[in-house]
Amino acid sequence: MIFQRALKRELFSTAGGVFLTLFTITITMMLIRILGQAAKGRVASEDVIALIGFTALNYMPIILILTGFVAVLLVVTRSYQDSEMVVWFASGQSLTKWLRPVLEFALPIVVLVALLGFVATPWAYRQSAEFRERFEKREDIARISPGKFQESAAAQRVFFVEKMSDDLSTVGNVFINSIKNGEVITVVSQHGTIETNDQGEKFVVLEDGVRYDETLDHSDFRIMEFEKYTAYIAPKGDVTVSDGSTRSMTTLELLEDTNSKKQGELVWRIGLPFMSVLLMLLAIPLGFVNPRAGRSFNLIVAVLLYMTYSNLSSFMQAYVGQNKLAFGLGWWPLHLVVALIVVMLFALRLGVNSRYHPYALLAAIKHRRLQAKGKRS
């Protein structure tokens, strides 16, 4: 009991450090990517924090799976390096005694991975798609950021506004470029206002500006000065999530449909809890290292095994999604193979570590004494 409590305490403390490291790396990468999208006008700047949160939820199952795998691997490896495992085996204990504390450590992680994979991650995908959809359907004037070129919602016009009031009622130094009826129309004005008619439609009214009209084949060109020019602002419209990705669908929707792509997504979600617990069990026999040698090779093998397992899971998902493999044959064989590998590695390590059993040690000592007597005689 003392060993199990100490082991679980070490597992949770190691997992905390691993999780913070992986989470920080993920958040930093997502922050750079989403800030770049905001700078290019693809997402609203006020939605950056929310989008980072949704993206973090999307990656959380993978982060937790890696956290559990690496934490168990590091703890087992440290026990071998500090020769604690030699004492453990010499006291008559088996490597299988590690199963109970590791499974107790794995239980909350596996439950959390399942909840995230089946419920939270699809919700995060839907929310992220809705935020992006809402931004795409904003009114043209609301999409404009001062000092930056911005395309309209309908992708028919390009706006540039140097100055804008806080209430979006007035704009200054406006440039509008659009293509209409085979002509390129460019409008330049020093200032303008936003007006709304009785039907609720919005217009930007530019004053004291110049309009340039040119045909696409450059055969005609006109310059017109105006005192007042009115441009219609596209309405916002209703916000509907147009993301048809199966990742944004609820698990119940996937279960109700026999579409191959949806079944492929279901294969991936079902595999996440299995991947989590099997990798943590795999880390126990995989953590063996020679105390006199480094552990770099051991970690490299662990990383390669995880990448292989993850890529094969994606491969099975793709095969089911492309209707090349039946759902009933797609979700379990890979995990069964990994479970057999875990059993095989345990059997291999138990066979190797049996020499540390106290009776084996006594026999080895007696054998060496006999050899020494034979040499003296």
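Residues numbered from 1 in each chain as written. Predicted model: local features only at pLDDT ≥ 70, side-chain atom pairs only at ≥ 80, totals over all residues. Heavy atoms only, no water.

1. A word on the overall build of the protein chain
Next, step 1: When helices and strands are counted, the protein chain shows ten helices and six strands.
Next, step 2: Within the span of the protein chain, comprising 377 residues, buried residues form 38% of the whole.
Next, step 3: Nonlocal contacts in the protein chain, meaning residues at least 24 apart in sequence, comprise 60% of its contacts between residues at least 6 apart. (Helix = DSSP H or I, 4+ residues; strand = E, 2+ residues; numbered from the N terminus. Buried < 20%, exposed > 50% of the residue type's maximum accessible area, 1.4 Å probe, protein only. Contact = heavy atoms within 4.5 Å.)

2. Remarks on the packing of aromatic side chains
Next, step 1: The tally for this structure, following the rule as stated, stands at nine aromatic pairs.
Next, step 2: Put simply, the rings of F54, W123 and F131 pair up and form one aromatic cluster. (Phe/Tyr/Trp six-rings, centres within 6.5 Å; stacked < 30°, edge-to-face > 60°.)

3. Some thoughts on helix α7 (residues 260–286)
Next, step 1: End to end, α7 covers 36 Å across 27 residues, agreeing with the expected 39 Å (1.5 Å per residue, within 8%).
Next, step 2: For α7, the principal kink sits at G271 and spans about 30 degrees; a proline, P273, occurs within the next four residues.
Next, step 3: Where burial is concerned, most of α7 is hidden: 23 out of the 27 residues are buried. (Expected span 1.5 Å × (residues − 1). Bend = angle between axes of the 7 residues up to and from the residue.)

4. Some words on the pairing of strand β4 (residues 183–196)
Next, step 1: Here ten bridges tie strand β3 (residues 170–180) to β4, and the two strands are oriented antiparallel to one another. Within β4, the position partnered with K180 by the bridge is E183. (Pairing = 2+ DSSP bridges.)

5. What to know about the packing of helix α2 (residues 48–81) against α7
Next, step 1: Close contact between α2 and α7 brings their axes to 7 Å; oriented N to C, the two are set at 10 degrees. Classified by the angle their axes make, α2 and α7 are roughly parallel. Contacts between α2 and α7 pair P61, I62, I65, G68, F69, V72, L73 and V76 from the former with W268, L272, M275, S276, L279, M280, A283, I284 and L286 from the latter.
Next, step 2: Split into classes, the residues belonging to the contact of α2 with α7 amount to 15 nonpolar, two polar and no charged. (Axes fitted to C-alpha atoms, helices over the stretch in contact; angles between N-to-C directions. Parallel < 35°, antiparallel > 145°, perpendicular 65-115°, else oblique. Nonpolar A, V, L, I, M, F, W, Y, C, P; charged D, E, K, R; others polar.)

6. A look at the pattern of salt bridges
Side-chain pairing between opposite charges can occur once the charged atoms of the two side chains come close.
Next, step 1: Evaluation of the coordinates by the stated rule reveals nine salt bridges.
Next, step 2: For D213, the salt bridge identified is with R222, shortest N-O distance 3.2 Å.
Next, step 3: Here R222 falls in the partly exposed class, since its relative accessible area comes to 32%.
Next, step 4: One continuous salt-bridge network, built from bridges that share partners, spans E183, R211, D213, D220 and R222. (Salt bridge = Lys/Arg side-chain N within 4 Å of Asp/Glu carboxyl O.)

7. Structural notes on the confidence of the model for the protein chain
Predicted coordinates in regions of low pLDDT should not be interpreted in detail.
Next, step 1: Of all residues in the protein chain, 81% attain a pLDDT of 70 or more, and the chain-wide mean is 81.
Next, step 2: Low pLDDT (under 50) marks residues 236–243, which in the prediction has 16 contacts with non-local residues, meaning those over four places away or in another chain.
Next, step 3: Confidence drops under pLDDT 50 across residues 355–365; counting only partners more than four residues distant or on other chains, this segment forms 13 contacts. (pLDDT = per-residue confidence, 0-100.)

8. Observations regarding the side chain of T26
Next, step 1: In this structure, T26 sits in helix α1 (residues 2–39).
Next, step 2: When neighbours within four sequence positions are excluded, T26 is seen to be in contact with Y59 and I63.

9. Regarding the environment of L57
Next, step 1: By secondary structure assignment, the location of L57 is in helix α2.
Next, step 2: L57 gets classed as partly exposed once you look at its relative accessible area, which sits at 23%.
Next, step 3: Put simply, L57 and Y125 are 68 residues apart on the chain and 8.8 Å apart in space, counted from C-alpha to C-alpha.
Next, step 4: Here L57 is in contact with L116, T121, W123 and A124, once residues within four sequence places are set aside.

10. Digging into the side chain of T186
Next, step 1: Note that T186 resides in strand β4.
Next, step 2: For T186, a relative accessible area of 15% corresponds to the buried category.
Next, step 3: At 2.9 Å, the side chain of T186 and the side chain of N177 are in polar contact. (Polar contact = N/O pair within 3.5 Å; in protein donor to acceptor, adjacent residues only side chain to side chain.)

11. Digging into the nonpolar core
Next, step 1: Core analysis: the biggest nonpolar cluster contains 47 residues, and V72, L95, W98, F105, L279, M280 and I284 have the highest contact counts within it.
Next, step 2: Secondary structure elements with two or more residues in this core: α1, α2, α3 (84–90), α4 (99–136), α7, α8 (296–321) and α9 (333–353).
Next, step 3: For this core, the element with the most residues is α7, which contributes eleven residues.
Next, step 4: Those residues within four positions of L95 in sequence are excluded, and the remaining contacts are Y80, M85, F89, I284, P285, F346, R349 and L350.
Next, step 5: By size, the runner-up hydrophobic cluster in this structure holds 14 residues, among which are I185, V204, Y229 and A231. (Core = buried A, V, L, I, M, F, W, Y, C linked by side-chain atoms within 4.5 Å.)

12. Observations regarding α1
Next, step 1: Between its first and last C-alpha, α1 extends 55 Å over 38 residues, near the 56 Å set by a 1.5 Å rise per residue.
Next, step 2: Every buried residue of α1 is accounted for by Q4, L7, L11, A15, V18, T26, M30, I34, Q37 and A38.

13. Structural notes on the packing of α1 against α2
Next, step 1: It is the contact of α1 with α2, at a shortest axis distance of 7 Å, that shows an interaxial angle of 150 degrees. Seen along the crossing, α1 lies across α2 with a hand that is right-handed.
Next, step 2: Partitioning the contact of α1 with α2 into residue classes produces 27 nonpolar, four polar and three charged. (Left-handed = near helix turned anticlockwise from the far one by under 90°.)

14. Some details on the environment of L312
Next, step 1: Inspection of the secondary structure puts L312 in helix α8.
Next, step 2: Note: C-alpha distance between L312 and L334 (22 residues apart in sequence) is 7.7 Å.

15. Details of the environment of T230
Next, step 1: Inspection of the secondary structure assignment puts T230 in strand β6 (residues 221–232).
Next, step 2: The spatial distance from the C-alpha of T230 to the C-alpha of G192 is 9.4 Å, given a sequence separation of 38 residues.

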